[in-house]
Each structure stands twice: as C-alpha cells, then as structure tokens.
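Listed here are the chains, written in short residue letters.
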Amino acid sequence: CVTCSGGNSNQCLSCTPEKYNEGGSCVCGAGFYLSGIKCQPCHANCATCTGPQDNQCSSCGANKQFSSGKCLCISGYYLSGSTCVKCHQNCATCSGGNDNQCLSCSANKHIDNNRCLCNDGYFASNAQCIKCHANCATCNGPASNQCRTCESPKKISNGNCICPDGKYLDGTTCKDCVHPCINC
C-alpha cells in the first residue's frame, strides 16, 4: 500500500503504479505476478501468470490455448516471438508462415517436402483442392478438356480423355464396340 486505513494488507487506500486496488488489497495487474512485494512481468507467452516461466501461465492471449500451465498456439497458427500468427492458407498446421513450412494439410491434400499439394483427382484453386472432371485422373481445371492424365485404358488427346480404338465412352467407362465395328 502507498496509503492505508489500517495495518493489514487488505486495508489499502492507494497502491504503487504497477498494482491496483482490489477489495482493499494491492494486487499486480494483468501480465505481472507478485514476487515478494514487487510485481514482476510474466513470460511473454502468458496473459496472466503465477511466476516468470513459460509453464507458469494462468491464462492466455489471442489465438492461444492453455495446456498444463503453458500457452500454446491454436491449430492453424504458429509461434512468432510471443505472438501466434496464422499459418499460410495452404497449411492446416505449420512451423512458420511460408507455404513450405506445413506440418499437416487440410482435406484432399497431402504433404510433400513440407508443402501441401492437391491429391490426384483434384486441382488447386485459391488454396482449395477442387475435384477434377470424372473422366480425368489428374487435371488443371474442372472441365472435361482440362485433363493431364487419364485412367487406363483411356488416353489423353488435347486435354480430353478418350477411349482407344475399338472402344467407346459410356459415361466415364470405355466399353467395347459391337462386332464388326472397329470404331464406334
């Protein structure tokens, strides 16, 4: 207490600048803990704490979750200094903000050299993986003429998956032409 109405610690009228009066007691403000009679700063990862270490947090700030006394970034964020920053849009979880620092990927993607790439049968559009046309095995876009590869026995021709001679396309399946037709 700076000034008080009695000799007890709960009879404070005013407090030192780093403390505030709560029910007559001078207590440390958010981001500080009481060490002896002085308020000391919490670890940078903590919003409030009971001591100076990163495992002595009592509560956490934005984009962090409390776990066993520590403040950890929520999924989809990484720690930069003492701030949790959103991962690159291609990553589900990450170790940094670049697209080559992914630790895991969202649906329809797989990880390759710490990058999230679309699975076969999907193409990338605005960090999302969109399903290819049903005739394509892999593609550059959603249309039937944007195929890169085809399922056997189909073959690629100007971006389209076509059936070989002696077969015709029925939906997405190559079926045999009826004898005596060679092409149908």
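Below: a short report on this structure.

So, the pattern of salt bridges
- In the structure shown here, the tally under the stated rule is 4 salt bridges.
- Residue Asp99 is joined to Arg115 by a salt bridge in which the shortest nitrogen-to-oxygen separation is 2.8 Å. Placement of the pair is Asp99 in the loop between strand 13 (93-94) and strand 14 (102-104) and Arg115 in strand 16 (residues 115-118), with a sequence separation of 16 residues.
- For Asp99, a relative accessible area of 28% gives the class partly exposed.

What to know about the pairing of strand 15 (residues 109-112)
- As paired elements, strand 15 and strand 16 share 4 bridges and run antiparallel to each other. By the bridge assignment for strand 16, Ile111 is matched with Cys116.

Considering the state of the cysteines
- For the structure shown, the criterion picks out 15 disulfides.
- Across the disulfide from Cys28 sits Cys39; the S-S distance is 2.1 Å. Negative torsions about the S-S bond denote left-handed disulfides, and the value of about -95 degrees found for Cys28 with Cys39 makes this one left-handed. Placement of the pair is Cys28 in strand 4 (residues 25-28) and Cys39 in strand 6 (residues 38-41), with a sequence separation of 11 residues. Of the two residues, Cys28 and Cys39, both sit in the buried class.
- Left unpaired, Cys4 is separated from the closest cysteine sulfur, that of Cys1, by 5.3 Å.

What counts, and where the lines are drawn
Residues numbered from 1 in each chain as written. Predicted model: local features only at pLDDT ≥ 70, side-chain atom pairs only at ≥ 80, totals over all residues. Heavy atoms only, no water. Salt bridge = Lys/Arg side-chain N within 4 Å of Asp/Glu carboxyl O. Helix = DSSP H or I, 4+ residues; strand = E, 2+ residues; numbered from the N terminus. Buried < 20%, exposed > 50% of the residue type's maximum accessible area, 1.4 Å probe, protein only. Pairing = 2+ DSSP bridges. Disulfide = S-S within 2.5 Å.

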